[in-house]
Amino acid sequence: RYGEGLIPIIILVIIALVLLGRTTSVLCGVPVLSNVFCGPPTIRIAVIGDFNANPAVVAEPTDLAAPKLKAVLDGYLGSTYNMYYQTFDASLLTYAKDALLRNYDITILVGERAFTRPVKDAVGWYVNNGGKLIVIGDAAVRDPDDLLYVGWGGGMFDVFPVRLSTSANIDNPLVLNNLQLNLFDINHPIVKGYQPRLNLTQVDCDTVSLLDVQPTGGGVVAVLSGQTGQGARKDVPGIVESGTLFGGKVVYFAFDPGCTPNMWISTVGWL
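None of these values were measured; they are calculated from a predicted model.

Re the pattern of salt bridges
Two side chains of opposite charge can pair, provided their charged atoms sit close to one another. Taken as a whole and assessed by the stated rule, the structure comprises 12 salt bridges. Residues Asp235 and Arg233 are paired through a salt bridge, measuring 3.3 Å at the closest nitrogen-oxygen approach. Classification of Arg233 as exposed rests on a relative accessible area of 58%. Each member of the salt-bridge network shares a partner with another, and the members are Glu60, Asp63, Arg113, Asp138, Arg142 and Asp171.

Observations concerning the packing of aromatic side chains
With the rule as written, the count across this model stands at 6 aromatic pairs. Both rings, one in Trp152 and one in Tyr252, keep their centres 5.7 Å apart while their planes meet at 65 degrees; by these two values the pair is edge-to-face. Of the two residues, Trp152 is situated in the loop between β6 (146-150) and β7 (162-164) and Tyr252 in strand β14 (residues 249-253); the sequence distance between them amounts to 100 residues. Residue class for Trp152 comes out buried when judged on its relative accessible area of 8%. Plain terms: the ring middles of Phe160 and Tyr252 are 6.2 Å apart, the flat faces sit at 75 degrees to each other, and that makes the pair edge-to-face. On the criterion of sequence distance, the pair formed by Phe160 in the loop between β6 and β7 and Tyr252 in strand β14 is long-range, its members being 92 residues apart. Ring-pair connections join several aromatic residues into one group, and the members of that group are Trp152, Phe160 and Tyr252.

Quick notes on the state of the cysteines
All told, the structure shown has 1 disulfide when counted by the stated rule. Note on cysteine connectivity: Cys205 is disulfide-linked to Cys259, with sulfurs 2.0 Å apart. With the S-S dihedral at roughly -95 degrees, the linkage between Cys205 and Cys259 falls on the left-handed side. Of this pair, Cys205 sits in the loop between β9 (197-199) and β10 (207-210) while Cys259 is found in the loop between β14 and α7 (261-270), placing the two residues 54 residues apart along the sequence. Exposure class is identical for Cys205 and Cys259. Each is buried.

Examining the nonpolar core
By size, the foremost hydrophobic cluster in this structure holds 73 residues, and its most contacted members are Ile108, Ile134, Trp152, Leu181, Leu224, Ile239 and Trp264. Ignoring any residue separated from it by four or fewer positions in sequence, one finds Ile239 in contact with Leu181, Gly219, Val220, Val221, Ala222, Val251, Tyr252, Phe253, Phe255 and Met263.

A few points about the layout of surface pockets
Taken as a whole, the largest pocket spans an internal volume of roughly 260 Å³. As for the largest pocket, its lining consists of 12 residues, and the residues nearest its centre are Pro41, Ile43, Tyr81, Val268 and Gly269. With 3 residues, the single largest contributor to the lining of the largest pocket is α7. Estimates place the volume of the second largest pocket at around 190 Å³. Lining the second largest pocket are 15 residues, and of these Leu64, Ala65, Thr207, Asp256 and Cys259 sit closest to its centre. Looking at the lining of the second largest pocket, the elements with two or more residues in it are α3 (67-74) and β10. Of all the elements, β10 adds the most residues to the lining of the second largest pocket, at 3 residues. Looking at the lining of the second largest pocket residue by residue, the classes come out as 8 nonpolar, 2 polar and 5 charged.

Some remarks on α3
All of the buried residues in α3 are Leu69, Val72 and Leu73. Along the long axis of α3, the arc covered by the buried residues comes to 95 degrees, so they all point the same way. Residues of α3 that are buried in the fold lie against β1 (43-49), α4 (76-80), β2 (83-88), β3 (106-110), β4 (132-136) and α7.

Describing unusual backbone geometry
Backbone geometry at Ala53 places phi at a positive 50 degrees, although glycine is not the residue there. Note on placement: Ala53 falls in the loop between β1 and α3. For Asn178, which is not glycine, the phi torsion reads 50 degrees and is therefore positive. With respect to the helices and strands, the residue Asn178 is situated in strand β8 (residues 174-183).

What counts, and where the lines are drawn
- Residues numbered from 1 in each chain as written.
- Predicted model: local features only at pLDDT ≥ 70, side-chain atom pairs only at ≥ 80, totals over all residues.
- Heavy atoms only, no water.
- Salt bridge = Lys/Arg side-chain N within 4 Å of Asp/Glu carboxyl O.
- Buried < 20%, exposed > 50% of the residue type's maximum accessible area, 1.4 Å probe, protein only.
- Phe/Tyr/Trp six-rings, centres within 6.5 Å; stacked < 30°, edge-to-face > 60°.
- Helix = DSSP H or I, 4+ residues; strand = E, 2+ residues; numbered from the N terminus.
- Disulfide = S-S within 2.5 Å.
- Core = buried A, V, L, I, M, F, W, Y, C linked by side-chain atoms within 4.5 Å.
- Contact = heavy atoms within 4.5 Å.
- 1 Å grid on protein atoms, 1.4 Å probe; cavity = no way out; pocket = protein on both sides within 12 Å on 5 of 7 lines; lining within 4 Å.
- Points joined across faces, edges and corners; volume = space filled by probe spheres on them.
- Nonpolar A, V, L, I, M, F, W, Y, C, P; charged D, E, K, R; others polar.
- Arc of directions from axis to C-beta.

In structure tokens form, the structure reads like this:
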């Protein structure tokens, strides 16, 4: 009965939205509309540590570094997808707590093993309040104030997707060769478009130093398979994810994500 009268009102609302989007930045924070009126969003990434695990930069370098990921972010793919990162020392979070991280869409822990409890708590607050965290390899696995406290404990990792195996030795990591990445959840947004089995030797990622870990839940996306120095086959969780009640997410990579650039782009988009 009143449908015809609503049509001009709807048209006026649409015109108002277009004018608002074209002349101001008010709609730049609104999902979907931001892409229409403001272009692709800028993805701000905080890197805690160092991609190259350089001992001149970090206090205790990790066994697994991520130089290929750095190359992706520094290259044309990083620019195309508006990924911009800033590197910080972990000690800054001791007093800044999660206030620093709240300025960033994604936080990456890479290249640094030594994380004190206040730093872990700061990252934990960030994730538990909706932050997105990516942890690469053995980053943040040690507490310099308590050498007996190893692994991903503390407030930072209440929902961490993996834990150290009982046989794991962080000072004697596993070295696997002839790596393959076997996708468990082929429909997960991170890995869509890839075949179920990836031969990482084809992209010069055939060897990795990693920790023997076990998933804490059901978020295993992919498993790394390789050969130990004795020639035995070994399978370890390669990509595992978990989430928090308020939208926070944690993704653990047991290898350099830059080995699979499309998977990295999909991971950032999913987060």
